[in-house]
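# Tertiary structure, described
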Amino acid sequence: AIAIFLVGCASTKPIQDDQRSKIRRVGVVSLIGEEFRFTKVGLTLFNSDEFAKNISAWQLDKLAVQTATEVLKDADPPIRYVALPVDRTLVNKLYRQEGEFGSYVNLKRIKDDLKAMLDKHPVDALIVIHNEQVLDPIQGTAILLYGPGLYYRGLPSAEPFVKPHLFFRIVVLDGKTLKPL
């Protein structure tokens, strides 16, 4: 079921032909991580709750990289996939910064780490898959949701509402400048 969300949530913007013709080697990095968030949405913000469970056994990052590389196999002209070693500490660095309030994605936090990795494993383009934070699109509340999780809303005298979700973004970056293509 989660694989359906991986494919179903992806949206892409076409890369310009002049940029595409220069891409021969591509690296893929998935930073979805290993947390599955349970979000209970109450009648008010004070009745809401959230907690996370470790889902490392699900290997969502591995699945995301495999899915992306499968798509690359059909490219014409052929694109060579370059396996990139990913330091799991990048996940926390991408979403959380010491001294900052809350969690949100900021690719600038890991730019130096990505550059160091690409110095050792050069590519023409880097595909980064990461969790996206969104304002509740399921029921339209003021709750922020991100990544993989389960949404639960129970209101007095109403049937409980439960919905799995996976909000993520796919970014294609230039392998030298790390600017979006």
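Residue positions are given per chain, counting from 1 as you read along its sequence in written order. Note on the predicted model: pLDDT of at least 70 is required for a residue's local features to be given, and 80 or more for side-chain atom pairs to be given and counted; whole-chain, interface and lining totals, by contrast, use all residues. With hydrogens and water stripped out, all remaining heavy atoms of the structure feed into the side-chain values.

### A short note on the overall build of the protein
Helix and strand assignments follow DSSP, with helices taken as H or I runs no shorter than four residues and strands as E runs no shorter than two, numbered in order from the N terminus. The number of helices and strands found in the protein is five helices and eight strands. Overall, the protein shows an N-to-C arrangement of helices and strands of α-α-β-β-β-α-β-α-α-β-β-β-β. Relative accessibility under 20% of the residue-type maximum defines a buried residue, over 50% an exposed one, and the middle range a partly exposed one, all with a 1.4 Å probe and only protein chains included. Residues classed as buried in the protein amount to 36% of the 181 residues present. Two residues form a contact once any of their heavy atoms are found within 4.5 Å. Summarising the internal contacts of the protein: among those between residues at least 6 apart in sequence, 63% fall at separations of at least 24.

### Comments concerning the packing of aromatic side chains
Pairing of aromatic side chains here covers Phe, Tyr and the six-membered ring of Trp, requires ring centres within 6.5 Å, and sorts the geometry by plane angle: under 30 degrees stacked, over 60 edge-to-face, intermediate tilted. Considering all chains together, one arrives at four aromatic pairs under this definition. Clustering of aromatic rings is evident, with ring pairs tying together F36, F38, F51 and W58.

### A word on the pattern of salt bridges
Salt bridges, as used here, are contacts in which a Lys or Arg side-chain nitrogen is within 4 Å of a carboxyl oxygen on Asp or Glu. A complete count under the given rule lists seven salt bridges for this structure. Across the salt bridge formed by K93 and D113, the nearest N and O atoms sit 2.7 Å from each other. Placement of the pair is K93 in helix α4 (residues 89-95) and D113 in helix α5 (residues 111-120), with a sequence separation of 20 residues. With a closest N to O distance of 3.8 Å, K176 and D124 form a salt bridge. Within this pair, whereas K176 is found in the segment after β8 (161-174), its partner D124 is found in the loop between α5 and β5 (125-131), the two being separated by 52 residues in sequence. With a relative accessible area of 61%, K176 lands in the exposed category. Each of E35, R37 and E50 takes part in salt bridges that share partners, so that together they form one network.

### Describing the environment of M117
Following the sequence through the fold, M117 ends up in helix α5. Owing to a relative accessible area of 9%, M117 belongs among the buried residues under this scheme. When the C-alpha positions of M117 and P85 are compared, they lie 7.8 Å apart, and in sequence the two are 32 residues distant. In contact with M117, not counting residues within four places along its chain, are V29, L84 and P85.

### Topic: the environment of R88
Within the secondary structure, R88 sits in the loop between β4 (80-82) and α4. In the structure, R88 is positioned 55 residues away from G33 in sequence and 8.0 Å away in space, judged by C-alpha atoms. In this structure, R88 is in contact with S30, G33, E34 and D61, ignoring residues within four places of it in sequence. Whenever a nitrogen or oxygen atom comes within 3.5 Å of another N or O atom, the pair is scored as a polar contact, on the condition that within protein one atom can donate a hydrogen and the other can accept it, and that pairs from neighbouring residues in sequence are kept only if both atoms are in side chains. In terms of polar contacts, R88 uses its side chain to reach the side chain of D61, at 2.6 Å.

### Description of the pairing of β8
The pairing criterion for strands is at least two bridges between them, as found by DSSP. Alignment of β5 against β8, held across seven bridges, turns out to be antiparallel. Paired with V128 across the bridge in β8 is V171. As judged from the seven bridges shared by strand β7 (residues 144-153) and β8, these two strands associate in the antiparallel manner. Residue pairing across strands places Y151 opposite K163, the latter belonging to β8.

By themselves, these figures tell us nothing about what the structure is for.
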